[in-house]
Each structure stands twice: as C-alpha cells, then as structure tokens.
Amino acid sequence: MSGPNTDFDPVEVTPLSAAEVERMRDEALAAVEAAVDLPALKAVRTAHAGDRSPLALANREIGALPPQARKEAGQRVGQARGALTQALAARQEVLEVEHEERMLVEEVVDVTLPWDRSPRGARHPITTMSEKIADVFVAMGWEVAEGPVVEAEWLNFDALNLGADHPARTMQDTFWTEPADHGLVLRTQTSPVQARTMLTRRPPIYVVCPGRVFRTDEYDATHSPMFHQVEGLVVDRGITMAHLRGSLDHMLQSLFGEGITTRFRPSYFPFTEPSAEMDMVCFVCRGTGAAEQGGTCRTCRGEGWIELGGCGIVNPRVLTACGVDPDLYSGFAFGFGIDRMVMFRHGAEDLRDLFEADVRFTLPFGSEV
Amino acid sequence: MSWLREHVALPESLSTDELTDRLTALGLKLEALERPGHDMSGPLVVGRVLTMEPEAQKNGKTINWCSVDVGAANGTGDPQGIVCGAHNFSVGDLVVCVLPGGVLPGGFEISARKTYGHVSAGMICSTQELGLGEDHSGILVLPEDAGEPGDDVFGLLDLREEVVELEINPDRAYALSIRGVAREAALGFDLDYADPAARAVPPANGDGWPVEIEDAEGCPVFVARTVSGVDATAPTPDWMARRLLLAGMRPISLAVDVTNYVMLELGRPLHGYDADELTGTVGVRRARDGEKLTTLDGTVRALDPEDLVVTDDSGAIGLGGVMGGEATEMSQTTTRVLIESAHWDPVSMFRTGRRHKLTSEAGRRNERGVDPTICEVAAQRAAELLVEHGGGTIEDGVTVVGTAPPREPISLPVDLPAAISGMSIPADTTLAHLAAVGCDVEVDPRGDSLWATPPPWRPDLTDPYDLVEEVARIVGYDEVPSVLPDAPSGRGLTRGQALRRRVGRALAGAGYVETVSFPFVGAADLERLGLDGDDERRRTLRLANPLSAEAPDVTTTLLPGLLSATARNLGRGTSDVALFELATVTLPENGAPPAPLLPVDTAPSAAQWEELQRAVPAQPQHLAVTLAGAREPAGWWGPARPATWADAIEAVRVVADAVGAEVEVRAAARAPWHPGRCAEIVVGEHVVGHAGELHPRVCASYDLPPRSAAAEIDLDVLAAHAREVVPAPRISSYPVAKDDVALVVDADLPAAELAATLREGAGELCESVRLFDLYTGEQIGEGRKSLAFALRFRALDRTLTDAETAEARAAAVALAVQRHGAEQRA
Ligand SMILES: [Zn+2]
C-alpha cells in the first residue's frame, strides 16, 4: 500500500493514502515515546488519539470512499490507531511506575519524629497486683468478697475472737471514730469481710477479699496508716491445713513461677487455731539466699525466704459467732499485704512511693503488672 | 544459753543455730542472736598479785606497778609486770590478766606498751573491760577458789555467751521465762528437762505477814515472805547482773535484781516492799473512787474503781501486778524485805495497764497469764537468793492466801489433730506430744477421744483446737502436705467488680494515671474546695485518734486527695497531669444509731444484723479525675492543646461508655467548680456527679494552674444504670441522605438541648444529629450564637426521596424555631 499515487481518483484522498497514514502513525508513536511524564503523555493522547487528532479526522473520511477503497483505508487507519493505543498504554504503564517510584522517594519522612501527642495513662500497681492475685483464685472457682472500710467494731474484733480484753487487740493500733460509743472503726484487717461473708452465705464458701485497711502507724518508708491486704477464706466440710497450704502454693506458683512453695511457722492469731506464719521461697534466689552476681540476695536479704503473712484454721469460736456449725464445717483463712508484695516483686524501696501519686512512679507500670 | 543449759540437757554437739531453728519451728521465732564475748581472744588468764607499788604521777593520779604471777601462760613462768590504775585489790588477790596479743571486747588488742615509766606487759581487767557488766569502778577480784595462776578464764567466767532473743506470741506467755523456753527446747529434741520450779517450799503457816484479800477474783493467790537483816549495800553478784543485762534489764540493787532474776527464770513477776515502810495488814482490793497513788516511776495516778490495788493501813501502796508504789519502794537502806508473789486476773491487768498507759515486764507477763501454782516457789527462790547474796535470814512466817484455780480437762477426739492438720497423726503421737507440753492425758474408755488437763502454765489452752495446734507444731508444720481443695464452680467477678476494672482500664487508656490516696481530710481541705456551710460533703465521720490534727475526718469526696496529688506532681516538675482515683467515700448520716456489740456465742439474729448494718455508714464507690496543664503537649505538629472543662466531661463519658451507661450532660453550679463551667452528669433520673473547670479560687488554694478541671461521680449509681444487655442495632443497607442546618439561637441555650430538639423534630428517618460548628460574632448579633449541625437521614426499607429528606429537615427546623426561637441561617 505504499505505491505512489499516479492517477487522480477521488477515492485516493490524500489523508487516507498509505504514506500519509504511515506518516501520521509514526509521528504519533514518536510523540508517545517522547512523552516524559504522565501530563505530557496525556497531551499526546489528546493530540494523536483524541477526537480531533489527524488519525481520527482521517478515520471520519473513510465513509466517503467507494467500498473497495473504504475497506483498504479502514484497515490502514485501524491498524495505525491500534498501534497507537498500544503504545500509549505501554508508555502509560512505564510512566506510572516511574511516577510512583519518584513519589515514594520524594515522600520520605523521618519516622523517628516523636508522636507523644496523646497522653499515656496507667493503673496503680496495687490495683493491678490485687486483681492479679484475685484472678488466681477466681480461676479456681473462688469469688471476690468486699466490705466497708468503716466497719462495726464487733465485726472487726469481737466476731473474730478478739474480745475487748484480748491482749492481741493492742497489737493492732486501731483508728476509732467519734462518738466513741458508736462502735465504729476503720477496719484494721480485711477479716471483717470474712465474717460478713459467713454471716450472709451458706457454706461451701471460697472467697478472697482484697482491700484497704488502716492502722495508726506513723507514715515512713516502711509504715503507712493505710495499706492493702488480701485475705482468703474457705469454709467447707473436711477442710484441713493441707488445703490451706495447697491453695497458697498454687497462688504463689501462679504469681511467681514453678517451685515457689510455702513454709509454715507456728504463730498466734485469735481468728485462727492452729495459726501459722507463712513464708514463701524467695523467687529471686529461689531459696539459696545468694545473689546471682555473688553476695547476698537483696530481695530476701540472704534468708532464702520472704515473710508473707499469717494463716491458719478458722477458730471454731469464729465459726460459731458467724453462724456456721463448727461440728459440720471447718475452714482455713490466710492474709498478706499487697503493698509489700508489690514492693518486693518490683524492687520498690520506699512504701511512700505507692501513696504519693507521682506519675513518674506509676506510669511505667502501665495497665497490668 | 548458759542459763538455758542449766535446765535442759542440750548436747554439746547441738549448735545454737540448730536449737533456734527448732524453736522457730515450734513457734518461738528467733528474733536475734548475739554473741557477746565472741570477739575476745586470749591469752586471758587468772593471775595472782605478787607485789604492788603505788606511784604518784604528775597528773595527780596514782598508779600501781604490779608484778603478777600468771603461771606458765606467758611462756617464761616469770612474774608479769603490769601497770594498773585501780586500787580495789591487794597483794595475794586473784585477778584476770590479759597478756600481750589478747583481744578485749570491741576488738581492743593488747600489746606490751610503755606507760608511766614502765613497760606494762598486759592489763588487769575490770568487769566492764571483760564485757561482764557495767561496773568499771575497779578491777575484778576473783574468789580465792576460782583457780590457779595461768588458768584460762574464758570457761571460768563464761565470757563467751550467746544471747538468743525470741519473739513470743501473746498466747505463749510461759515462754517469757527460762523455765518455759527450756521446756520447749527439751520437747523439741526429746531431752531431759529440770523444771526450775520444782523446789521444796515450807508449808504455809499463820506466822507470816498478815494479808487479807478482798477481791479473790482479781487476786486468787497471794504469797508473802519476809527476809530480814539484809545488807542494804550488798552488791548484785556479777553473774546475775550479767544475765539481767543480757536479758535487756538494768541491774538496780540486789533486792530488785533478785525479783527480776526470778521473774526471768520462772516467769512469775514478784514485788519487793521495804517491810519497815509497811504498816499493818497488807490487802488487795479494787481502788476507790478518787483514790490516788504515786507509783515508783514518780507519777501520781488517779485510780479507777476497776484497778486492783495492794494496800496497807495507810491506803493504796501499789497497783497490783502492774507497778509498785513509791512510798514502800525498796531503797539503799532497806534491810527487811517483804516479797509479794501473787497471781492476778489477766483481764484486770490488761485493763489497768492500758488505762494508765503502763507497760512493764511484770505487767506483760501478768496480763498474758502466769502459772498460778508457783507463787510459793518463786517467793522461796527469791528469798533464798536474797539471803545468799545479801545475808540476813528468811523469817519463818509463810503467808499463802487463796489457791490456784483448778484446770478443767478438755475433751479431744483422737482423730481431730489429723483431721484438722491434714497430717497423719496416730493416737499415741497425740498422747505423747500432749504429755510433753505438760498436759495430764487420759484416754476415754470408749477410745475415740481423750481428756487432756492443761498444765497450770498454759492458760491459753482452753479448746480442743488449741490442743490440735500443740500436737501439730511438735509433729512439725513442715509435714503438712500441699493439697488443693475442691472448690465449687464459681460465678467469677460480680458485675460491679468487672465494671470497676473496665473503668480503670478505660481511663488509663485515655491517658489518666491512677492514684491511691489516704482518705483523711480536715475542715481546711473542705474549705479550700469552697463548700458551703451546709454542703452535705461537710458531714464527715470524725476519727477519735487521728494521726494529724489537720486531717481528723474520713473524707466524703475524693477531690481533696486528688487535687493535692495533682499539685504535688506539678511541684515535682511534671507540667501536664491527668489523674484518676477510684475509691470509697464515707457518708455518715445524722443521728445514725450506734453499732451494737453483739454476743459471740451465737450468730446474730436477723434483727441484730439489721441493726448493725444500719449503723455502718454508706460507703459508695466514687470516681474522680483531675486535669492540669496540657491535654496534648506542643510538638513538631503544632501547639499544645490545654486541658479544659470539656476534657473532664469527656472523662466521665469514657467511664460511662466503659460501664455501658447513657449519660446526659446538663449545666449546673456546684463547688468546687466554676459556676459557669460545671456540668451535672445525669443518668436516668439521678445526678451521678459533676464535671467541669475548677473555680479559680479553688485552683489558687490548691496551687493548681488556672483552668484546671475535675470530675467526681458516684460509680455505684452509674453502674446500677448500666445496660446489662445491648440491643443489637438494625443496619439499613440503603444510601444515606445528608443535609446540614445552621441555626441562630440565644447564647445561653445549651447545644445539647437544641440537638435533642432537632432530633425529635426530624423524626424516625433521622439517623444522627451532630454539631460540627459553633460561631459567635458580630454577624450573629449580641447574645446570640450560631450552631451548625450535620443531619443524616436513612430508612430501613427504602431509598429516601429528596422530598422525604427535605420534609424531615424542615420539620426539625420548624420545631427548633417554635421551641427555641431559632432562626435558620442562609
Ligand atoms: Zn532471695
């Protein structure tokens, strides 16, 4: 189709000549190739493939040709347009990739810029520690019991076998309220919650009672007029000291890992008989008393044991005062300090850090301990 | 330890550590172990003074230049030349010499040194230098039969002693004596035990000092013995003084020291009177109203009719069992001593001690319970010691009034120790261990239980479970196995407990830091909140014995603690602070009834329980937050966003969302908030709390920056209105139609109210109404504001037509115009 036009024939319209179509096509393809970016390519597309481009105009004239010539010209123009469309698409893809690559490089940011725009918060380690302890028991089927901190004297003392003239009553320096004859105290222990539980529920009772308690201690690095205790109480048929030890061992292993067990020493608490002091194997030196780097373990001061708290078999007199038949049921109880556990578990050195509300102390604990 | 070994045959191979470990396991916890004398080392020997030449010195002192025979201890056998500054000895006396190379207490090493013109090859020692006592007036002269020159004195004088300090629980008063500890050591190792109270005593007769007991309940036994002709100046023997010192008591005089020594040995407190100061019959009775007594600490005490007093014809001469009186106190001139050995009612002792704030070694034992059967023995022992070291004679008269109350046997099912301890304990083990603690044990003929009569020194043993503890502790608590009980299936946390945890987590997630504060406040703290005189938060529960006079009340609001904590953080350099606290407050009611002291031998009746519950004040869980400084700090992104009243309200919304409660916010005025920037938080019909900006005066009084914000709500009420079950929403899949509307209203119309009106007016096709712009300014006019809302419309079952949307929008606007006089902005 590239022979010279020798005869004038209306059929042989110039724009539709093979040479002309070829020229338009080559010109268009060259323009596509020369487009350096997407906007340039868009302009090329308009100029060479748009409605008013030479190939489009040529295409419009095809209809005026006689049938034979029409077919030939149609094929010629169609092929040219097809080649152009293909070239545009190919160029489009190349330029898009180029554009994306350039954009990704240009849009680089300094990801180390701080974004401390929304403030951080935290829960208090005493809260989270006491929840952690409670959860161990809840997982065993126990429930969490609670009671008021301003408590009836009878529940804080008398019902727990601490009569008015019990020498042990002076061991606990009690905050009394006015008027003095109204029989209200700030509870010195969470044990009144145990009494309340026995008075309001039937056995079997399996409860753990965390909470705030108060003693008239001056405030210093190791004493506070307010601190936190958790006590446990079980009242059921056939409960023994072995169940007490089993429950405590389980709790300690859940909190501090395998192998952390208890040691009992005979002690005295009016609430329990027999009574024991409980120690736990030091979770840092695991009972050796030695620090890893040599010297004595700081957590247990070389003892190998950490004093935890008191426990024992619930005194039948307490069961009686709380409406539980001691001939049918026996129970055990234990109690220890949550604040102290937070201190030795996390290596805190001053008890006051727990109560001064300094966010620098609390924030690192986050929402769980 | 030497004292202990006199009464229990501890084998030499048994170390003190082993002993204290066993005692600790038995319940006598090792408190401290001291080893006085263990820093001393030889040569420390007996010497005989051969010559002594006094030489006056330029400094006015006179020293003695002595030669002392130290046997072969110095290696040569020649006499040792020693300079000594003391003069209380003479040629021929046996003394204690430390030779060069020896070390005295405190690491004081002795070497031959030149002094006062001589080479002193050692030192002649005083009691104090040997660590044996406080007497440094002169050197220690040994008795003639003490030993030979050159003998080592460590063993001779028990210079190396071990002092074991035990922590004694209040139920084990018997262990506050050598007698009791020796018994524990003996039963701990199954050793022979020589009871120091097993002594012959002469029988009572009518010749003793006349004694009349008016109150036999308060003083069941009173023994009096008299020793006359005592040398008032006789010193306390060194060994006794040393033991008292090591036991933490100061030697005073022979007669006083003897009574203390017997108390430490037997556990029975004694009192000695100067018999020449006594007039007539000694009596025991309760004090009379208005009676006064000067006790030997020099304090004049107004006596209570419950106090037990010892009397003579002159009136009260002592607080029985607690502290003696000044008038009949033994002194430097006392030659006739009346020894009182009496048993006192522990409850009365406890009450008197507490009433007069008196603590004494005697009182500590008497209020915990002493063996009532050894009054005679203790008096005899004291009298003998007094005569032995102070001369004189024990008068023949023996006064014994009253008898020790008998002990009732306790019935113990044989299998109870095993059933309670969880250990396997055969019956014969139970029998043996009860016998070892001193019980008389009889097996019930039926065989399944036994009768144990506790010994008189164990008033703490009253119940079967007490006996179980005795058996279990001797078997050893270490033997208790570890067994998990079979708990029934639990119901997990209560809803309230779970919600509180959720609230804490939500607030921590929203950037608040939890605090734990003491609940103590004072009137000044509430004043700083700006509470009115009749504000219900001023109705606090007052402590009878507060730690600080500034904060004597139990708080009714968490804000004082939280505001102080905020200020403390700011003061310590944290500039942006957001805190929260979740705790109970105490809300006493006027005229609340007193809490009854109910009986303990049975459970309270329903009425009694009800009465007790009513007396305990309400203590709802409150939640409070404070904000100061920036809520978002300035950064490379731009300027800081200061915390405002709106953040405080938002915190409450966070809490409400966490518990699943829907709250409404309304304008309110309440201290300590800014009256124009305070919201009340309403759920249902209840105002659950308030939030907003703090009053400028409150900020100033708590040292907080202006515009600090706070909120406090009653979490219990909020949680009570929380949705238990969220109804699942129905989601339309048809397209949404959006339209905005801007309304101009009076400036004081709450936006929330206008939004509610639009919602109501727009009807059920309206999906949401959201305020997106607030504008005030000249264009709007004085006292007016423009609020722009985005409205979204959608139906569950169809695509809304433009006409339907327009109609709903128009209805919304129409209601706003009608209800609030709103004008629609173009
Ligand atoms: Zn350790």
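What counts and what doesn't
- Residues numbered from 1 in each chain as written.
- Chains lettered and ligands numbered in written order.
- Predicted model: local features only at pLDDT ≥ 70, side-chain atom pairs only at ≥ 80, totals over all residues.
- Heavy atoms only, no water.
- Contact = heavy atoms within 4.5 Å.
- Buried area = accessible area lost by both parts, 1.4 Å probe.
- Salt bridge = Lys/Arg side-chain N within 4 Å of Asp/Glu carboxyl O.
- Polar contact = N/O pair within 3.5 Å; in protein donor to acceptor, adjacent residues only side chain to side chain.
- Helix = DSSP H or I, 4+ residues; strand = E, 2+ residues; numbered from the N terminus.
- Nonpolar A, V, L, I, M, F, W, Y, C, P; charged D, E, K, R; others polar.
- Domains from an automatic or database assignment.
- Pairing = 2+ DSSP bridges.
- Axes fitted to C-alpha atoms, helices over the stretch in contact; angles between N-to-C directions.
- UniProt positions renumbered as here; feature names shortened; annotations may be inferred.
- Donors = N, O, S within 2.8 Å, 3.2 Å for Na, K, Ca; no water.
- Tetrahedral: all angles 85-135°; square planar, octahedral: opposite > 155°, others 65-115°.
- Patch = residues over 30% accessible without salt bridge, like charges linked within 9 Å, V, L, I, M, F, W, Y side chains within 5 Å.
- Areas by Shrake-Rupley, 256 points an atom, 1.4 Å probe, with all protein chains shown as cover.
- Lys, Arg positive; Asp, Glu negative; His and termini not counted.
- Charge placed at Lys NZ, Arg CZ, Asp CG, Glu CD.
- Buried < 20%, exposed > 50% of the residue type's maximum accessible area, 1.4 Å probe, protein only.

Points about the interface of chain A and chain B
And then number 1: The interface of chain A with chain B comprises 108 residues on the first partner and 100 residues on the second.
And then number 2: Buried area between chain A and chain B, both sides added, is near 8,700 Å², and the carbon and sulfur share of it is 61%.
And then number 3: Area buried by chain A at its contact with chain B is led by Trp154, Asp165 and Pro266 of chain A, which between them contribute 8% of it.
And then number 4: Viewed at the interface, chain B and chain A are joined by 9 salt bridges.
And then number 5: Between chain A and chain B we count 40 residue pairs in polar contact (both at pLDDT 80 or more) in total.
And then number 6: Looking at the side of chain A that touches chain B, the element that brings in the most residues is helix α8 (residues 241-256) of chain A, giving 8 residues.
And then number 7: Of the residues belonging to the side of chain A that touches chain B, the class tally is 51 nonpolar, 27 polar and 30 charged.

What to know about the domain arrangement of chain A
And then number 1: Domain assignment breaks chain A into domain 1 (10-106) and domain 2 (125-365).
And then number 2: Placing the centre of domain 1 of chain A and that of domain 2 of chain A at their C-alpha centroids yields a distance of 89 Å.

Quick word on the domain arrangement of chain B
Residues and elements named next belong to chain B.
And then number 1: Here the domain parsing of chain B yields domain 1 (2-35 + 162-189), domain 2 (44-156), domain 3 (211-401), domain 4 (410-479), domain 5 (495-594 + 605-720) and domain 6 (737-824).
And then number 2: Using C-alpha coordinates to define each centre, domain 1 is positioned 27 Å away from domain 3.
And then number 3: Taken together, the 11 residues of domain 1 in the interface contact 14 residues of domain 3.
And then number 4: Interface area lost by domain 1 to domain 3 is led by Trp3, Leu176 and Arg179, which between them contribute 55%.
And then number 5: Inspection of the region where domain 1 meets domain 3 yields 2 salt bridges.
And then number 6: For Arg243, the salt bridge is made with Glu6, and the minimal N-O distance between the two is 2.7 Å.
And then number 7: Summed over the shared surface of domain 1 and domain 3, the number is 8 residue pairs in polar contact (both at pLDDT 80 or more).
And then number 8: Elements with a minimum of two residues in the side of domain 1 that touches domain 3: α1 (2-5) and α4 (178-189).
And then number 9: Residue composition of the side of domain 1 that touches domain 3, grouped by class: 6 nonpolar, 3 polar and 2 charged.

Thoughts on the sheet that holds strand β26 (residues 440-443) of chain B
Residue and element names in this part refer to chain B.
And then number 1: Pairing in this open sheet of 3 strands is antiparallel, and the strands run β25-β27-β26 from one edge to the other. Unpaired on one side and paired on the other, β25 (410-413) and β26 mark the two borders of the sheet. When the angles between neighbouring strand axes are averaged without regard to direction, this sheet yields 25°.
And then number 2: Sheet topology note: the β25/strand β27 (residues 449-453) ladder contains 4 bridges and is antiparallel.

What about the UniProt feature "domain: B5" (unreviewed entry) in chain B?
And then number 1: Within this structure's numbering, the places UniProt gives as "domain: B5" (unreviewed entry) are residues 405-482 of chain B.
And then number 2: For residues 405-482 of chain B, helix accounts for 36% and strand for 17%, while the C-alpha atoms at its two ends are 42 Å apart.

Points about the coordination of the zinc ion
And then number 1: Looking at the zinc ion, one finds its protein donor set to be Cys282 of chain A (SG), Cys285 of chain A (SG), Cys297 of chain A (SG) and Cys300 of chain A (SG), positioned 2.2 to 2.3 Å from the metal centre.
And then number 2: Around the zinc ion, the 4 donor atoms are arranged such that angles at the metal cover 104 to 116°; this shape is classified as tetrahedral.

Some points on a negative patch on the surface
Residues and elements named next belong to chain A.
And then number 1: A surface patch of negative charge is lined by Glu93, Glu96, Glu98, Glu100 and Glu101.
And then number 2: Residue position: Glu96 is located in helix α4 (residues 67-106).
And then number 3: The class of Glu96 is partly exposed, set by a relative accessible area of 41%.

A word on the environment of Pro750 of chain B
And then number 1: Secondary-structure assignment places Pro750 of chain B in the loop between β40 (737-746) and α20 (751-762).
And then number 2: For the pair Pro750 of chain B and Ala667 of chain B, spaced 83 residues apart in sequence, the C-alpha to C-alpha distance is 7.9 Å.

Description of the UniProt feature "binding site: Mg(2+)" (unreviewed entry) in chain A
And then number 1: Under the UniProt annotation, the feature "binding site: Mg(2+)" (unreviewed entry) is placed at Glu273 of chain A.
And then number 2: Residue position: Glu273 of chain A is located in strand β7 (residues 272-281).
And then number 3: For Glu273 of chain A, a relative accessible area of 7% puts it in the buried group.
And then number 4: Not counting chain neighbours up to four residues away, the residues in contact with Glu273 of chain A comprise Ile313 and Asn315 of chain A together with Tyr465, Asp466 and Glu469 of chain B.

Section: the pattern of salt bridges
Two side chains bearing opposite charge may form a pair once their charged atoms approach each other closely.
Residues and elements named next belong to chain A.
And then number 1: Scanning all chains against the criterion turns up 64 salt bridges over all chains.
And then number 2: Taking the shortest distance from any N to any O, the salt bridge between Asp26 and Arg25 comes out at 3.2 Å.
And then number 3: Its relative accessible area of 37% is what places Asp26 among the partly exposed residues.
And then number 4: Given a relative accessible area of 30%, Arg25 falls into the partly exposed group.
And then number 5: Between Glu349 and Arg298 there is a salt bridge whose closest N-O contact spans 2.8 Å.

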